[in-house]
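The primary structure of each chain is shown beneath.
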Amino acid sequence: MTLKKGGPPPAPSAGAAVQITMLSQPPTSKIPTVSAGYDNEKHNGSRSNNASVNQSKFIRPEMADVPVQQAAGSTLPLVISKKKGGGADDSEDVNYNPFEHRKVEHPTSDMETFVHLLKGSLGSGILAMPMAFLNAGLWFGLVATFLVGTLCTYCVHILVKCAHILCRRRKIPMMGFADVAEQAFLDGPIGLQRWSRFIRFVVNTFLVIDLIGCCCIYLVFVGTNVKQVVDFYMEDGSEIGIRPWIAIITIPLIFMCLVRNLKFLTPFSMVANLLMFVGIIITFTYVFTDMPSTTERVGVADVVQWPLFFGTVIFALEGIGVVMSLENDMKTPTHFIGCPSVLNLGMGVVITLYTMVGFFGYLKYGPDTAGSITLNLPVEDKLAQSVKLMIAIAIFFTFTLQFYVPMSIIWKGIQHKIAPEKQNWSEYALRVCLVILCGAIAVALPNLGPFISLIGAVCLSTLGMIVPSIIELAVYHEDPGYGRCNWRLWKNIFLICFGIVGFVTGTYISILEFHAEFSQ
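Quick look at the structure, then. (Residues numbered from 1 in each chain as written. Predicted model: local features only at pLDDT ≥ 70, side-chain atom pairs only at ≥ 80, totals over all residues. Heavy atoms only, no water.)

**Some points on the overall build of the protein chain**
Per the secondary structure count, the protein chain includes 20 helices and 0 strands. When the 520 residues of the protein chain are sorted by exposure, 51% land in the buried category. A separation threshold of at least 6 residues defines the contact pool for the protein chain, and within that pool the share at least 24 residues apart is 79%. As displayed, the protein chain has an accessible area near 24000 Å², and 66% of this comes from carbon and sulfur atoms. (Helix = DSSP H or I, 4+ residues; strand = E, 2+ residues; numbered from the N terminus. Buried < 20%, exposed > 50% of the residue type's maximum accessible area, 1.4 Å probe, protein only. Contact = heavy atoms within 4.5 Å. Areas by Shrake-Rupley, 256 points an atom, 1.4 Å probe, with all protein chains shown as cover.)

**What about the side chain of H157?**
Relative to the helices and strands, H157 resides in helix α8 (residues 138-170). Sequence-distant contacts of H157, that is, excluding residues within four places in its chain, are made with I337, G338, S341, L343 and N344.

**What to know about the packing of helix α13 (residues 266-287) against helix α16 (residues 342-365)**
It is at 10 Å that the axes of α13 and α16 come closest, and there the two elements cross at 45°. As the angle between them shows, α13 and α16 are arranged oblique. Crossing handedness for the pair α13 and α16: left-handed. Counting all contacts with α13, which are made through F284, Y286 and V287, the residues of α16 involved are V357, F360, G361, K364 and Y365. (Axes fitted to C-alpha atoms, helices over the stretch in contact; angles between N-to-C directions. Parallel < 35°, antiparallel > 145°, perpendicular 65-115°, else oblique. Left-handed = near helix turned anticlockwise from the far one by under 90°.)

**Here we look at the packing of aromatic side chains**
Considering all chains together, one arrives at 14 aromatic pairs under this definition. Arranged with centres 4.1 Å apart and planes meeting at 15°, the rings of F140 and W306 form a pair that is stacked. In this pair, F140 sits in helix α8 while W306 sits in helix α14 (residues 306-317), placing the two residues 166 residues apart along the sequence. The class for F140 is partly exposed, based on a relative accessible area of 26%. Taken together, the aromatic side chains of W139, F284, F288, F359 and F360 make up a single cluster linked through ring pairs. (Phe/Tyr/Trp six-rings, centres within 6.5 Å; stacked < 30°, edge-to-face > 60°.)

Given below as structure tokens:
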């Protein structure tokens, strides 16, 4: 739209109104900063203004004629993205410090973030590590666990570093995982920009599938351990199958998951942490008793079993879903990555603990290693029975906390489509349906081993390796570039291929395992 000299300007159109507002800001004014959850209605003052944003052109020098905010479906605020690789205003991007603009009510210290990282990464997956070594072999598993753990940690570095770059470019204080993916595509090559909304959908979808899958695994885990203890006291022939046990356990969880405030779940979390800690310590006392020689175990397992190892290890180690939340809440976010850093120290401890449990657990139980090391404890021993029940109760309480995240993602995606007077009972109905869905999936697939490997191969190879690598390629494609001999390009191609191979082979072998079970 052009303005005539010497006369009043014509009434601007909806799209032009937004462009004039943005372009008329003085050079020193700040572009509005937002957090991941940006409220267009609140920012613009009314629904009519919000509608004008949706109709506007997304002003970028390299794509000025592309309506992106609505056409590409971007959920991020409408701000000007400067041309990367030069320009007079580049110094503003460098000088902008997103960490100074963050408004966190209760920021966490480095030590608190370290503890939260351990808590988020040390879950039920540690109990499945001996099974991972069963599928890899004692010595190959030892080396491969450190390698896979290092790759997972490096991919987290990629994600957080790209988030920092994008926050400076776009003058946004903080971003979530899906925000980083979407913004990377918007700032990436033109061919990727139209897929920005899609990559956000992919990240959120895989996060939901991963977390729902974890909830299903929790149900199988609890049902299997409770069944083993109860069956010991029942007469032969009167045992209850694993599927009825899973259904029974699902019923109280339906009511517990109706709690919408995390504050009321905090006591359950504290109990779960205490029971898990005590249970693992007692489990170690059984593992380190009468340890056999390493020569009695397979050093390198059949290559066909390696995908199951990969799926299990990445399921156990990958905590990428909580990384951005932890970094966003830090008092000093620059301490999260680097060397040394909170991430390196935390993941170093996690990888070491998981490797020890896997190595010594497989060394102890060999070919009899079960999907959870607690299932190998002597069922006739009273102390072992208490361990099985303690960890089962801990996982049972953890279900409600794990369920909270996918429920929040799904509800935020559909809440605006439901009339306000129907939202209350609609949310409760959704919660009930999701818990029943978890129970139904667990009843249909009650084999713990292949289930863990399947979730790790499908979701976490995608979120933990493939997506961060694609994000870095998009962020670095123009400025600062891919480096000498395009080393960043080749490095990320390797990570993407490694993730795809793990995805395909892990999924295929897990499905074969399920098929073999159902064929019996």
